[in-house]
Amino acid sequence: MNDDEDLRDEIPSYAFISLARRGMEKISLDQCFLKNCDNDDPKLLEPFKKEEIENDKEQIRKIYIKCKKCGGTYILKLKTLKLIAKSTQDTDEEPLSMGLVYALDEEENNLGHIGYF
Ligand SMILES: [Zn+2]
């Protein structure tokens, strides 16, 4: 039994941020997104709960993560848009960014759109 490790597998390692004219920057999702916390040690981050919501248009996964450095909890919200996924399926082109990552605090207040995965 190792549910925590399974939850860790649900989290993409990186997100990509669009930098206007300077292309995309890759950032690690192994970091605490709470204010005033600079924890980027995955060993101090403990995913402990997952919620999944699915409808016709999108699939949303919420991963609850406890930060052992600041003691806070934050939520990574991973939103996958199905319609985009479908339209790229039949082509050989690189799929467009289909997933959006947001960070939420424990009360589900939006901490910001992090990027794409
Ligand atoms: Zn923290």
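Above this text you will find the structure in question.
Residues numbered from 1 in each chain as written. Predicted model: local features only at pLDDT ≥ 70, side-chain atom pairs only at ≥ 80, totals over all residues.

Asker: Got a minute to help me understand the overall build of the chain in this structure?
Answerer: A count of helices and strands for the chain gives 2 helices and 7 strands. Reading the secondary structure of the chain in the N-to-C direction produces α-β-β-β-β-β-α-β-β. Sorting the 117 residues of the chain into buried and exposed places 16% on the buried side. Contacts in the chain between residues at least 24 apart in sequence constitute 40% of all its contacts with a sequence separation of at least 6. (Helix = DSSP H or I, 4+ residues; strand = E, 2+ residues; numbered from the N terminus. Buried ≥ 20, exposed ≤ 12 C-beta atoms within 10 Å, placed from the backbone. Contact = placed C-beta atoms within 7 Å.)

Asker: Would you mind showing me how to read the environment of Ser18 here?
Answerer: For Ser18, the position within the fold is in strand E1 (residues 14-18). We classify Ser18 as exposed; it has 12 C-beta atoms within 10 Å. Between the C-alpha atoms of Ser18 and Tyr116, which are 98 residues apart in sequence, the distance is 8.4 Å.

Asker: How should the pairing of strand E5 (residues 73-81) be read in this particular structure?
Answerer: Within a regular beta strand, the side chains point alternately toward one face of the sheet and then the other, so they alternate between its two faces. Looking at chain direction, strand E4 (residues 58-67) and E5 are connected through 9 bridges and run antiparallel. Counterpart to Ile63 in the pairing with E5 is Leu76. Counting the residues that bridge the hairpin from E4 to E5 gives 5 residues, and of these Gly71 lies at a positive phi of roughly 80°. As paired strands, E5 and strand E6 (residues 99-105) are joined by 7 bridges and run antiparallel to one another. Paired with Thr80 across the bridge in E6 is Gly99. (Pairing = 2+ DSSP bridges.)

Asker: So what exactly am I meant to see when it comes to the nonpolar core here?
Answerer: In summary, soluble globular proteins display a tendency toward joint burial of nonpolar side chains. Tyr74, Leu76 and Val101 are the most contacted members of the largest nonpolar core, which has 16 residues in total. The element that contributes the greatest number of residues to this core is E5, accounting for 4 residues. (Core = buried A, V, L, I, M, F, W, Y, C linked by C-beta atoms within 7 Å.)

Asker: Any chance you could explain the environment of Pro47 here in plain terms?
Answerer: Of note, Pro47 is situated in strand E3 (residues 45-54). The exposure class assigned to Pro47 is buried, which follows from the 20 C-beta atoms found within 10 Å. Residues Pro47 and Ile11, spaced 36 residues apart in sequence, show a C-alpha to C-alpha distance of 9.2 Å.

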